[in-house]
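Examining the three-dimensional arrangement
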Amino acid sequence: MSVELQLDAQVKADREGRPTLKIVAHRGYSGKYPELSPLAFEKALELPIHGIECDVRMTRDGKVVVNHDATLDRTSNRNGKVSALDWAEIKLADIGSDKHPKQYPMLLDELLEMWEPSGQHIYIETKHPGAGGDILEEQVVLRLRYAGLADDPRIHIISFAHRAIRRMKSLAPDLDRIYLRRDWQRHLKKAELLLSEPTGLGMSLLRGKLQPDAIGAHGLPTYMWTIDKTEDMKWAWANGVDILATNQPEVALHAIQM
Ligand code: G3P
Ligand code: CA
């Protein structure tokens, strides 16, 4: 879809009094390209969408690497725990697919460099528990400071761990912070949800369908993942979701034209 078409969709939505739905490419354009690979991010950054999402962990030698799982086993041709390997070993793991081979993990630094000129937003999920513990947030903030981005409104830190959100508040108070609730967390009280003073709240599509009245609760924007079907995208938009994370960003661009 062209930028013009996307803008038309936004104008139409505004005219109808509906807020614009922000589309985020989950793990890059992972529905079409290997998840969290340079190619998946490159393709997502070419689209007229709001942003990209990534997961970060720490290597044995203290580097912040973009990886979802605690190990390399599922997504690469190597095995082993991210926290037990040095970056020099991890960077050799091929995370490509048969169709898109020879893709390699990225450091957060490298992803930020690729992302920064795009004009999109980035949602960085700090993964816990991890061997680095609290050091992960410190290292993420250091990398952001190094890149001059520690107070950039296009950066959003997301996490399932209240402790991580709390630490981000003290380390980089100007950054947006989204607390993600687990699917098994049912009717959380206000104090439980806002424990770490997040600036946004996230939930899965499953939780959202079970508890639609939690969308937009406490006056905070709602981030919802992972929505890949057109009918669910339309449902999320109609029910007030603000930020939609999807593996299929082009499907989302078409869905919100209606
Ligand atoms: O964007 C939030 C979502 O990614 C959380 O779940 O397991 O895909 O990281 P997961
Ligand atoms: Ca994630």
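Residues numbered from 1 in each chain as written. Chains lettered and ligands numbered in written order. Predicted model: local features only at pLDDT ≥ 70, side-chain atom pairs only at ≥ 80, totals over all residues. Heavy atoms only, no water.

Looking at the layout of surface pockets
In this approach the atoms are scanned with a rolling probe the size of a water molecule, which exposes any empty space left behind. Estimates place the volume of the largest pocket at around 160 Å³. Lining the largest pocket are 14 residues, with Arg57, Ser83, Pro129, Gly130 and Ala131 sitting closest to its centre. In the lining of the largest pocket, the residues fall into six nonpolar, five polar and three charged. (1 Å grid on protein atoms, 1.4 Å probe; cavity = no way out; pocket = protein on both sides within 12 Å on 5 of 7 lines; lining within 4 Å. Points joined across faces, edges and corners; volume = space filled by probe spheres on them. Nonpolar A, V, L, I, M, F, W, Y, C, P; charged D, E, K, R; others polar.)

Comments concerning empty space enclosed by the protein
Within the structure shown, the criterion is met by one cavity of 30 Å³ or more. Of the volumes computed, that of the largest cavity is approximately 50 Å³. If you go around the largest cavity, the residues you meet are Arg181, Leu193, Leu201, Gly202, Met203, Ala214, Gly216, Ala217 and Thr222. Ranked by residues supplied to the lining of the largest cavity, first place goes to strand β7 (residues 200-204) with three residues. In terms of residue class, the lining of the largest cavity is made up of five nonpolar, three polar and one charged. (Helix = DSSP H or I, 4+ residues; strand = E, 2+ residues; numbered from the N terminus.)

Observations concerning the site of ligand 1
Every residue close to ligand 1 is listed here: His26, Arg27, Glu53, Asp55, His68, Glu125, Lys127, Ile158, Phe160, Leu180, Tyr223 and Trp225. For ligand 1, an oxygen atom lies 3.0 Å from a polar atom in the side chain of glutamate 125. Against a free-state accessible area of 290 Å², the protein chains account for coverage of 89% of ligand 1. Elements that contribute at least two residues to the shell around ligand 1 include exactly β2 (51-58) and β8 (222-225). Considering only residue class, the shell around ligand 1 consists of five nonpolar, two polar and five charged. (Near = heavy atom within 4 Å. Polar contact = N/O pair within 3.5 Å; in protein donor to acceptor, adjacent residues only side chain to side chain. Areas by Shrake-Rupley, 256 points an atom, 1.4 Å probe, with all protein chains shown as cover.)

Quick word on the UniProt feature "domain: GP-PDE" (unreviewed entry) in the chain
As annotated in UniProt, the feature "domain: GP-PDE" (unreviewed entry) corresponds to residues 21-256 in the numbering used here. Helix makes up 29% of residues 21-256 and strand 19%, and the two end C-alpha atoms of the span are 8 Å apart. (UniProt positions renumbered as here; feature names shortened; annotations may be inferred.)

Notes on the coordination of the calcium ion (ligand 2)
In the first shell of the calcium ion (ligand 2), the protein supplies Glu53 (OE), Asp55 (OD) and Glu125 (OE), at 2.1 to 2.2 Å from the metal. Each donor residue of the calcium ion (ligand 2) belongs to the same chain, and together they define the spacing E-x1-D-x69-E. Separated by 72 residues along the polypeptide, glutamate 53 in strand β2 and glutamate 125 in strand β4 (residues 121-126) bring together distant segments of the chain. Glutamate 125 carries the same exposure label as glutamate 53, and that label is buried. (Donors = N, O, S within 2.8 Å, 3.2 Å for Na, K, Ca; no water. Buried < 20%, exposed > 50% of the residue type's maximum accessible area, 1.4 Å probe, protein only.)

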